[in-house]
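Residue strings, one per chain:
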Amino acid sequence: MDRNQYLQQFKRGIHIFEEAYQQQKVLELDEKINQLLKKKKTEEEALKQLGSVEEVIQQVYQENHVKYQKDRQKVEKNSLLDNFVHTIYQVVDVMSHNTLKENGKILFDLLLLILFTCILKIPFIFVRSLGMSFLTFLSSPILERLWYFGFELVYLFVAVLFFVRIFRKWFQELPNFKINL
């Protein structure tokens, strides 16, 4: 976990307090990190010395005489979209440190993943066509359109799910890549 993630998680953990107080506490914590960095410590060592985010959050709750229950106040998980966007930012960061050849391989693999996602549509087209031919026999254009639209939505859902899962699993194997999902 880097400094920004640490501070963001801390701020989310103290979300029950007023915004001005949250900002004040985040700035105080940031200043503590800066002081530790001035003592020739690495960012990772400084964060370890401060303790886990949960411990720091618990201290703020104790200072304010608020009962902190880890289960209730647990930091909310981001939505799938937020995680995916965060993963993309991490991929860009990893790619900025790679050579042209390594980045070419990443782009090739990404194009391959897009191709597999497109190939995934073939069974959907087949089943959709069977349903359309049956509905044409019934002479109901409204049902045909609903069937077509419904199947396109199902494919879209499955394709996005497929792409995101494979993308996350594959990019976890990149060197220097940490995913927080």
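Predicted model, so just to flag it, every value in this text is computed and none were measured.

(A) Representation of the overall build of the chain. The secondary structure content of the chain amounts to 9 helices and 0 strands. Starting at the N terminus and ending at the C terminus, the chain contains elements arranged as α-α-α-α-α-α-α-α-α. A buried classification covers 31% of the 181 residues belonging to the chain. Sequence-distant contacts, at least 24 apart, represent 65% of the contacts inside the chain between residues at least 6 apart.

(B) The nonpolar core, seen in detail. Grouped together as the largest cluster of nonpolar side chains are 18 residues, with contacts concentrated most on Y6, F10, I14, L29, L50 and I57. Those elements giving two or more residues to this core turn out to be α1 (3–13), α2 (19–38), α3 (43–50) and α4 (53–63). In terms of residues, this core owes the most to one element, α4, which gives 5 residues. Each residue touching L29, except ones within four places of it in the same chain, is listed here: Y6, L7, F10, L50 and V56. Counting residues in hydrophobic clusters, the runner-up holds 9 residues, among them F84, L113, V164 and F167.

(C) Fine view of a nonpolar patch on the surface. Nonpolar side chains collect at one region of the surface, where F108, L112, L115, F116, I119 and I122 lie side by side and expose about 570 Å² of accessible area between them. No other element matches the 5 residues that helix α7 (residues 100–119) contributes to the nonpolar patch. Its location among the elements puts I122 in helix α8 (residues 121–138).

(D) Focus on the packing of α7 against α8. Between α7 and α8, the least distance of the axes is 5 Å, while the angle of their chain directions is 15°. Compared by their axis directions, α7 and α8 come out roughly parallel. Each of T117, C118 and I119 in α7 lies in contact with α8, whose residues at this interface are K121, I122 and P123. Along the lines of polarity and charge, the residues of the contact of α7 with α8 split into 4 nonpolar, 1 polar and 1 charged.

(E) Representation of the pattern of salt bridges in the model. Within the structure shown, the criterion is met by 8 salt bridges. With its nearest N and O atoms 3.0 Å apart, the salt bridge here joins E19 to K11. Here E19 falls in the partly exposed class, since its relative accessible area comes to 45%. As a salt-bridge pair, D109 and K105 come within 2.6 Å of each other at their nearest N and O atoms. One end of the pair is D109 and the other is K105, both in helix α7 and 4 residues apart, which spans about a single turn. On the basis of relative accessible area, D109 is assigned to the buried category, the value being 15%. Within the structure, one salt-bridge network assembled from shared partners comprises K25, E28 and E63.

(F) Region of the structure containing the confidence of the model for the chain. Looking at the chain, pLDDT values average 82 and 87% of them are 70 or higher. Highest mean pLDDT in the chain belongs to α2 (90); lowest belongs to helix α5 (residues 70–73) (46).

How each quantity is defined
Residues numbered from 1 in each chain as written. Predicted model: local features only at pLDDT ≥ 70, side-chain atom pairs only at ≥ 80, totals over all residues. Heavy atoms only, no water. Helix = DSSP H or I, 4+ residues; strand = E, 2+ residues; numbered from the N terminus. Buried < 20%, exposed > 50% of the residue type's maximum accessible area, 1.4 Å probe, protein only. Contact = heavy atoms within 4.5 Å. Core = buried A, V, L, I, M, F, W, Y, C linked by side-chain atoms within 4.5 Å. Patch = residues over 30% accessible without salt bridge, like charges linked within 9 Å, V, L, I, M, F, W, Y side chains within 5 Å. Areas by Shrake-Rupley, 256 points an atom, 1.4 Å probe, with all protein chains shown as cover. Salt bridge = Lys/Arg side-chain N within 4 Å of Asp/Glu carboxyl O. Axes fitted to C-alpha atoms, helices over the stretch in contact; angles between N-to-C directions. Parallel < 35°, antiparallel > 145°, perpendicular 65-115°, else oblique. Nonpolar A, V, L, I, M, F, W, Y, C, P; charged D, E, K, R; others polar. pLDDT = per-residue confidence, 0-100.

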